[in-house]
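Tertiary structure, described
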Amino acid sequence: MSLILASTSPRRKELLSLIATDFKVVGSDFDESTLTAADPRQTAENLAFGKCMVVAREYPEDTVIGCDTVVDCGGKVFGKPRDKEDARRMLKALSGSDHYVHTGVCVWHEGESHTFTATTRVRFFPLSDEQIEAYISTDEPYDKAGGYGIQGAAALFCEEIEGCYYNIMGLPVSRLARLLQKF
């Protein structure tokens, strides 16, 4: 039996290596357009479940981990920005306010799925237009939920965090480790 990460995210791969050294990465082609959910937290969990199950169908004897992260700003889901204008819109909304980062995690093990969602509250300092424009001129915002990477230059935006730091990066390491220890 192998451990499989159903994500090609380099950040998730790096974070999973804190838990396990021997695992495979298999990307999931889950069709996110088919998803419906009541709120951003459930969206993250449903996406994680869908991604996990696509890979688990191919590898039913293995332990598969599926994840997805969304930013919840006032009840609205901020995924990865489509372009500069979308990144600008997201960062303006996050500026000077609290938002929540939800990471859904689904683990397929011995024919059963186990899911949870980790939530971290993040508060940004007020951001100037110049700060936003400088940031969206980099490559950093475009492959990250909410249009920012807390582990990069956006660390300068963060006033306060309540919850798991690694959850903001896309993998709640300590909660996942505890779940995997049960197996």
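The structure we're discussing is the one just above.
Here the structure is a predicted model, which is why all the values come from computation and not from measurement.

Attention now moves to the pairing of strand S3 (residues 63–73). Across the 11 residues of S3, 11 count as buried, placing the element largely inside the fold. Going residue by residue along S3, you find Thr63, Ile65, Cys67, Thr69, Val71 and Cys73 tucked away on one face and Val64, Gly66, Asp68, Val70 and Asp72 tucked away on the opposite face as well. Bridge analysis of strand S1 (residues 3–5) against S3 gives three bridges, and the strand direction is parallel. In the sheet register, isoleucine 4 faces S3, and the bridge partner there is valine 64. Where S3 and strand S5 (residues 98–109) come together, nine bridges link them in antiparallel fashion. Bridge assignment links glycine 66 to a residue of S5, and that residue is cysteine 106. As paired strands, S3 and strand S4 (residues 76–78) are joined by three bridges and run antiparallel to one another. The residue of S4 that forms the bridge with aspartate 72 is valine 77. Once S3 ends, the chain turns through two residues before running back antiparallel as S4, passing glycine 74 with a positive phi of about 65 degrees.

Calculation rules
- Residues numbered from 1 in each chain as written.
- Predicted model: local features only at pLDDT ≥ 70, side-chain atom pairs only at ≥ 80, totals over all residues.
- Heavy atoms only, no water.
- Buried < 20%, exposed > 50% of the residue type's maximum accessible area, 1.4 Å probe, protein only.
- Helix = DSSP H or I, 4+ residues; strand = E, 2+ residues; numbered from the N terminus.
- Pairing = 2+ DSSP bridges.

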